[in-house]
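Survey of secondary and tertiary structure
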Amino acid sequence: MSNKKWDVYVYGDINVDLVIPGVEHLPLPGQEDVVETMNTYVGGGAAIFTLGIGKLGLNPVFQGTIGDDCYGKFILDEFRDKNVDTTLLGISSTNKTGISISFTNEADRSFLTYRGTNDEIDLSKVDVEEVKEARHIHLTSYMGRKNHEQYLELLKEIKASGTTTVSFDVGWDDAGEWYQGIYELYPYIDILFMNETEAIHYSRKKEVIDAIKDFGKTCKLVVAKLGKKGSIAVKDGHIYEAASYSVEAIDTTGAGDSFNAGFVYGFLKGKSIEEALKYGNACGGLSVTALGGNTGFPQEDELIKFMAKRER
């Protein structure tokens, strides 16, 4: 048994997602369209990951910022309902809770986003003494040159502090630079998460397998999410693979973050890399079966039953 205060410490983005399904086009100026439903969910990659960790029965703490408004209260209620420690969740005195409006249809999705309190994300706010109280820390919101030095400094401090393992999801590079300095971070990361496209962009390789092999020269464990093709990992030069689970997709929001939560759950439970990949695939797969980034995410017993039934 661990004597740590938390299983997972998470720092990153949090907002609400307002999802409007079945939108084929936006109304023209002066017009009004009626939709069948609008649904509100907790959004933001770090927050979706945290909710998943909590639903799987682990003890996560989330550090981030919400607004002093109805959406902030909604997030607080959701976190507390999903076993998330909110003692490090701050309330902004200057910004409102971020909102992302998602218009979805069978072919595609489009978004309108107000970043709000997510503009206050600053790695210097992470207290390494607090991090040491967790078995594991999960980081997101990498922005290349903008915060690379902050990431490098923080990761070095965490590694020097001792017993907290680190996972890192790089996310999409909105600037399109795909900063090569990211390689400096790899020696301090225990689990590096990327999707197939991100891995190819950052590595400048043509194939994802070559990308993760390249990252694996200095990073302990590299995991690539391949969508319907499942997932793949490399550790010490060895390749591990797991096929996806076939599900009916309703909303792919948060699938990658849900995969991360499933994989980290397996990692912290001491499972093999193949098993952890399967947990990730199952959580990512189930997450797309309902609207919202966490609605379809399973409880621990649901996850075990789902996997057992599919592997008979």
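Definitions and limits used
Residues numbered from 1 in each chain as written. Predicted model: local features only at pLDDT ≥ 70, side-chain atom pairs only at ≥ 80, totals over all residues. Heavy atoms only, no water. Core = buried A, V, L, I, M, F, W, Y, C linked by side-chain atoms within 4.5 Å. Buried < 20%, exposed > 50% of the residue type's maximum accessible area, 1.4 Å probe, protein only. Helix = DSSP H or I, 4+ residues; strand = E, 2+ residues; numbered from the N terminus. Pairing = 2+ DSSP bridges. Axes fitted to C-alpha atoms, helices over the stretch in contact; angles between N-to-C directions. Contact = heavy atoms within 4.5 Å. Polar contact = N/O pair within 3.5 Å; in protein donor to acceptor, adjacent residues only side chain to side chain.

**A look at the nonpolar core**
- One finds F62, F79, V223, F263, L277 and L303 to be the most contacted residues of the largest nonpolar core, which totals 44 residues.
- Top element by residues in this core is helix α8 (residues 273–287). It accounts for 7 residues.
- Counting residues in hydrophobic clusters, the runner-up holds 40 residues, among them V61, L139, Y186 and V234.

**Quick look at helix α1 (residues 45–55)**
- Counting buried residues along α1, 11 of its 11 residues qualify, which places the element largely inside the surrounding structure.
- Among all positions of α1, only G45, A46, A47, I48, F49, T50, L51, G52, I53, G54 and K55 are buried.
- A positive backbone phi angle near 95° is found at G57, which sits one or two residues after α1.

**Focus on the environment of A224**
- Considering the arrangement of structural elements, one finds A224 in strand β11 (residues 222–225).
- Residues A224 and L277, 53 residues apart in the sequence, show an inter-C-alpha distance of 9.7 Å.

**Notes on the sheet that holds strand β8 (residues 134–139)**
- Pairing is mixed in the open sheet, where 9 strands are placed in the order β5-β4-β1-β8-β9-β10-β11-β12-β13. Only two strands of the sheet have a single partner each, and these edge strands are β5 (89–92) and β13 (238–242). On average, adjacent strands in this sheet sit at an angle of 15° to one another, irrespective of strand direction.
- Relative to β13, strand β12 (residues 231–235) runs antiparallel, the two sharing 5 bridges. By the bridge assignment for β13, S231 is matched with A242.
- The sheet contacts of helix α2 (residues 70–81) involve β4 (60–67) and β5, and relative to β4 the element is tilted by about 170°.
- Sheet strands in contact with helix α4 (residues 148–161) are β8 and β9 (165–169), and its direction is about 155° off that of β9.

**Considerations on the side chain of N147**
- Tracing the chain through its elements places N147 in the loop between β8 and α4.
- Setting aside anything within four residues of it in sequence, one finds N147 in contact with L123, S141 and Y142.

**Brief notes about the sheet that holds strand β7 (residues 109–114)**
- With mixed pairing, the 4 strands of this open sheet are ordered in space as β3-β2-β6-β7. Looking at strand neighbours, the two that pair on one side only are β3 (39–43) and β7, the edges of this open sheet. Going from strand to strand, the sheet's axes swing by 25° on average, the running direction of each strand aside.
- The pairing of strand β2 (residues 15–21) with β3 spans 5 bridges and is classified as antiparallel. If you follow V19 over to β3, its bridge partner there is N39.
- Seen against the sheet, α2 touches β2, β3 and β6 (98–104) and runs at an angle of roughly 70° to β3.

**Topic: the environment of D69**
- Secondary-structure assignment places D69 in the loop between β4 and α2.
- As a C-alpha pair, D69 and I273 span 204 residues in sequence and 42 Å in three-dimensional space.
- Every residue in contact with D69, bar those within four places of it in the chain, is listed here: K96 and T97.
- Within polar-contact distance, the side chain of D69 engages the backbone nitrogen of G72 at 2.8 Å.

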